[in-house]
Amino acid sequence: MSLIFLLIFRFLKTIIKNTIIFADKLNEMATRREFVTELARSSWAAYVKYNWGDNALEPVSDTFDRKFSGSQIGHKGGRTIFASLSTFLVMGLEKEFAQGKQWIVGNFSFENTNTYANIFGHVTHYIGGLLSAYALTGDELFLKKAEKFAVRIESAYNTSTGIPRSLFNLKDLSTINPYPSLSTIGGQYLEHAYLSDLTAKPQYRQQVTRIREHLEAAAKPNGLYYARMNINGQWDAQTSSLFGDSGGHYYRNLLLSYIQSGQSEQSIDALEAYRDAIEAMDRAQMFKEESNGIIWVREYDAARKQFGEVMEYSACLAGAMLIQGATVMQSLGGTEEEKATAKKQIKRHSKLADKLTETCYQASMQAALRLGPREFQPQNNFKVVTSDFLLR
């Protein structure tokens, strides 16, 4: 009998210990959440005070940077406000959300957007910001404004292939730059598809589906995408295969559009294109593993058959994407051979995700402010190549 009591005592002791550990972790997470929320609150207060409605601040003079702000849609374009709405809702910052909504309703005007800005930014920050706010509130105001933006930029896609020029003026509807990046032309699917679902108007999804079909049909050296394609559907062969700002958004869009569809069979082509793209980069040794175990992402110039010597910090998003993709692949069916291939990819992608995230962590820890430099060399003791950093 004493042995039974001893076993029960040990069992209860283990439960109590684990409960305490779990409670401590919950308290730690709550503390972290509150810290991040307070950062958002204080940053927003400074934005309202010094930069309200603009998009770039000169911190010494506490005035807006007219040149940079103009490149982000124009003076008083409000890009920061549109992009912050859903963040405030998730954080429970109702006052800040209300401020943003009030500015959009009472102050935003296309008359203030008389400058050329990237069409990708129009879609992701403005349409995406409005659709996210609608998804979290159900407020028709946000949906109507998102569609108004989508209608406004339709002329950008009036090319023989549907591939838009990369720079668009929201005021006079003019476009320039016939060689948009892979991210610009391929990173717009989610917003357009969701807008079609919400409005029951198929033209928005059809618009980006046409672009994706051109990208998938285009010849790719060893399965690799170039960084740019012109509006006639031809690659700029002088550009490299990249995973950072110029290309990474497309690969994430492939994966996320499959998830967005509820992982339906109708969208399996998007997942297969994603898997093929990652496999091609892996075969080309774009994921470089050093002798000390560090793995980093480098560009590959297919025309010259040369590798780049730096990693873009924006490529650090690959870690989250790869582990998300590995998780999605766990639910795939198919033949035994197909399951075996998926299992192998899951293992490889999980390792890449782990190692790349560690690489980016180390790059940040090397910096005095713990902010990752825009470009660095992991293979050279994390030497900083470009010392500034992008706040995003």
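The structure presented is a predicted model; accordingly, all values stated were derived computationally and were not measured.

**Here's the deal with unusual backbone geometry**
The backbone phi angle of Lys 305 is positive, close to 55°, even though this residue is not glycine. For Lys 305, the location among the structural elements is in the loop between strand S8 (300-301) and strand S9 (306-307). Accessibility expressed as a relative area gives 63% for Lys 305, which makes it exposed. Positive phi is not limited to glycine here, since Arg 370 has a value of about 60°. As for its placement among the helices and strands, Arg 370 is situated in the loop between helix H13 (336-366) and strand S11 (375-377).

**Brief notes about the confidence of the model for the protein**
Interpretation of this model should avoid reading the predicted coordinates in detail wherever pLDDT is low. Across the protein, pLDDT averages 87, with 90% of residues at or above 70. Considering each helix and strand of the protein separately, the mean pLDDT is smallest for helix H2 (residues 66-71), with a value of 50, and largest for helix H8 (residues 189-199), with 97.

**A closer look at the packing of aromatic side chains**
The final tally for this structure, using the stated rule, is 24 aromatic pairs. Taking the centre distance of 5.4 Å and the plane angle of 40° together, the rings of Trp 44 and Tyr 47 count as tilted. With a gap of three residues between them, Trp 44 and Tyr 47 both fall in helix H1 (residues 2-51), about one helical turn apart. Take Trp 44: its relative accessible area is 5%, and that puts it in the buried class. We classify Tyr 47 as buried; its relative accessible area is 10%. Residues Trp 44 and Phe 88 carry aromatic rings whose centres are separated by 4.7 Å and whose planes lie at 80° to one another, so their mutual orientation is edge-to-face. Here Phe 88 lies in helix H3 (residues 79-91) and Trp 44 lies in helix H1, a separation of 44 residues in the sequence.

**Considering the packing of H3 against helix H5 (residues 119-137)**
Where H3 meets H5, the axes come as close as 8 Å, and the angle between the chain directions of the two elements is 25°. Viewed along their axes, H3 and H5 adopt a mutual orientation that is roughly parallel. The handedness of the crossing between H3 and H5 comes out as left-handed. Residues Arg 79, Phe 82, Ala 83, Leu 85, Ser 86, Leu 89 and Val 90 of H3 pack against His 125, Tyr 126, Gly 129, Leu 130, Ser 132, Ala 133, Leu 136 and Thr 137 of H5. Of the residues assigned to the contact of H3 with H5, the class counts are nine nonpolar, five polar and one charged.

What counts, and where the lines are drawn
- Residues numbered from 1 in each chain as written.
- Predicted model: local features only at pLDDT ≥ 70, side-chain atom pairs only at ≥ 80, totals over all residues.
- Heavy atoms only, no water.
- Helix = DSSP H or I, 4+ residues; strand = E, 2+ residues; numbered from the N terminus.
- Buried < 20%, exposed > 50% of the residue type's maximum accessible area, 1.4 Å probe, protein only.
- pLDDT = per-residue confidence, 0-100.
- Phe/Tyr/Trp six-rings, centres within 6.5 Å; stacked < 30°, edge-to-face > 60°.
- Axes fitted to C-alpha atoms, helices over the stretch in contact; angles between N-to-C directions.
- Parallel < 35°, antiparallel > 145°, perpendicular 65-115°, else oblique.
- Left-handed = near helix turned anticlockwise from the far one by under 90°.
- Contact = heavy atoms within 4.5 Å.
- Nonpolar A, V, L, I, M, F, W, Y, C, P; charged D, E, K, R; others polar.

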